[in-house]
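Understanding the architecture of this molecule
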Amino acid sequence: MVAHLEARVANGRGLKVLLVTGVLALAVAGGLLALARRGPMLAPDFALPDLAGRTVRLSGLRGKVVVLNLWATWCPPCVEEMPSMERLYGALRNADFALLAVSQDEDGKRVVAPFVERTRLSFPVLLDPERQVGDRYGVSGYPETFVIDRNGLVVEHVIGPRDWDAPAEIAALRALIAVGDGTGAPPAPRAPS
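Residues numbered from 1 in each chain as written. Predicted model: local features only at pLDDT ≥ 70, side-chain atom pairs only at ≥ 80, totals over all residues. Heavy atoms only, no water.

**Things to note about the pattern of salt bridges**
Under the counting rule described, the total for this entry stands at eight salt bridges. Between D45 and R57 there is a salt bridge, with its nearest N and O atoms 3.1 Å apart. Note that D45 is positioned in the loop between strand 1 (41–42) and strand 2 (47–49) and R57 in strand 3 (residues 55–57), a separation of twelve residues in sequence. As a salt-bridge pair, R110 and D107 come within 3.0 Å of each other at their nearest N and O atoms. In this structure R110 comes out as exposed when scored by relative accessible area, which is 60%. Where salt bridges share partners, they join E156, R162 and E169 into one cluster. (Salt bridge = Lys/Arg side-chain N within 4 Å of Asp/Glu carboxyl O. Helix = DSSP H or I, 4+ residues; strand = E, 2+ residues; numbered from the N terminus. Buried < 20%, exposed > 50% of the residue type's maximum accessible area, 1.4 Å probe, protein only.)

Here you go:
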């Protein structure tokens, strides 16, 4: 009799665990489905000073493809990817393209300006010592990069460093630029990163 009662209690617990697990699984699946349907998000606007003190506003670049990189001078992977970003900028600077490197260094211009000079970066470097842009974009580490299309939509979010001047990267960005330049060329297929 005791064994029979213990079996019924155990089966009841098992049923409760099964039901709770099922409900949680449905909730997670629903959340993932909602995220998948959401599609590209509008890139949050911001205005920040560059190293010369001029204000750059993201929305002022609408109509261009923008690579927005959040980084810091103390971050080894960030420093490592900067030369490839410089080569990417050199390859696409005359197209409808912009590259913005937003420094999240707390010491701002004092540490960023010497770094930019030493590494000979020619693309715009913006200062965000309060990390406002990182907060708006939900950045959790550095580097994080957002590819923004001509309409201001984030079409790719890259966590970690990337070889930005790799032929596949340049081809994908050229294809994204071509989508709005009147040629109507479809985006090039991308290799997994």
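**With respect to helix 2 (residues 76–92)**
With 17 residues, helix 2 extends 25 Å between its outermost C-alpha atoms, agreeing within 8% with the 24 Å of an ideal straight helix rising 1.5 Å per residue. Along its length, helix 2 shows its largest kink, about 35°, at M82, and proline P83 lies within four residues downstream of that point. Next to the buried residues of helix 2 lie strand 4 (65–71), strand 5 (97–103), helix 3 (109–119), strand 7 (144–148) and helix 5 (167–179). (Expected span 1.5 Å × (residues − 1). Bend = angle between axes of the 7 residues up to and from the residue. Contact = heavy atoms within 4.5 Å.)

**Looking at the state of the cysteines**
For the structure shown, the criterion picks out one disulfide. Paired through a disulfide, C75 and C78 show a sulfur-sulfur distance of 2.4 Å. On the sign convention where negative means left-handed, the S-S torsion of about 80° between C75 and C78 marks this disulfide as right-handed. Taken as a pair, C75 and C78 share a single burial class, namely buried. (Disulfide = S-S within 2.5 Å.)

**Details of the packing of aromatic side chains**
Summed over all chains, the structure comprises four aromatic pairs. Ring plane angle 80° and centroid distance 5.9 Å describe the contact between W74 and Y142, whose orientation is recorded as edge-to-face. Note that W74 is positioned in the loop between strand 4 and helix 2 and Y142 in the loop between helix 4 (132–137) and strand 7, a separation of 68 residues in sequence. When the ring of Y89 is compared with that of F123, the centres are 6.0 Å apart and the planes differ by 75°; the resulting orientation is edge-to-face. Of this pair, Y89 sits in helix 2 while F123 sits in the loop between helix 3 and strand 6 (125–127); the two residues are 34 residues apart in sequence, bridging distant segments of the chain. Each member of the pair Y89 and F123 is classed as buried. Positioned above the aromatic ring of W164, the side-chain terminus of R162 is 5.3 Å from the ring centre. (Phe/Tyr/Trp six-rings, centres within 6.5 Å; stacked < 30°, edge-to-face > 60°. Lys NZ or Arg CZ within 6 Å of the ring centre and 35° of its normal.)

**Some remarks on the environment of I177**
With respect to the helices and strands, I177 occurs in helix 5. Since its relative accessible area comes to 7%, I177 is described here as buried. As a C-alpha pair, I177 and V66 span 111 residues in sequence and 9.5 Å in three-dimensional space. Not counting residues up to four positions away in its chain, the partners in contact with I177 are V65, L92, A95, D96, F97 and R150.

**Describing unusual backbone geometry**
For the bond running from Y142 to P143, omega is -10°, close enough to zero to count as cis. Looking at where P143 falls in the secondary structure, it is placed in the loop between helix 4 and strand 7. One non-glycine residue, R120, lies in positive phi territory at about 55°. Within the secondary structure layout, R120 lies in the loop between helix 3 and strand 6. Residue R120 is classed as exposed on the basis of its relative accessible area, which comes to 71%.

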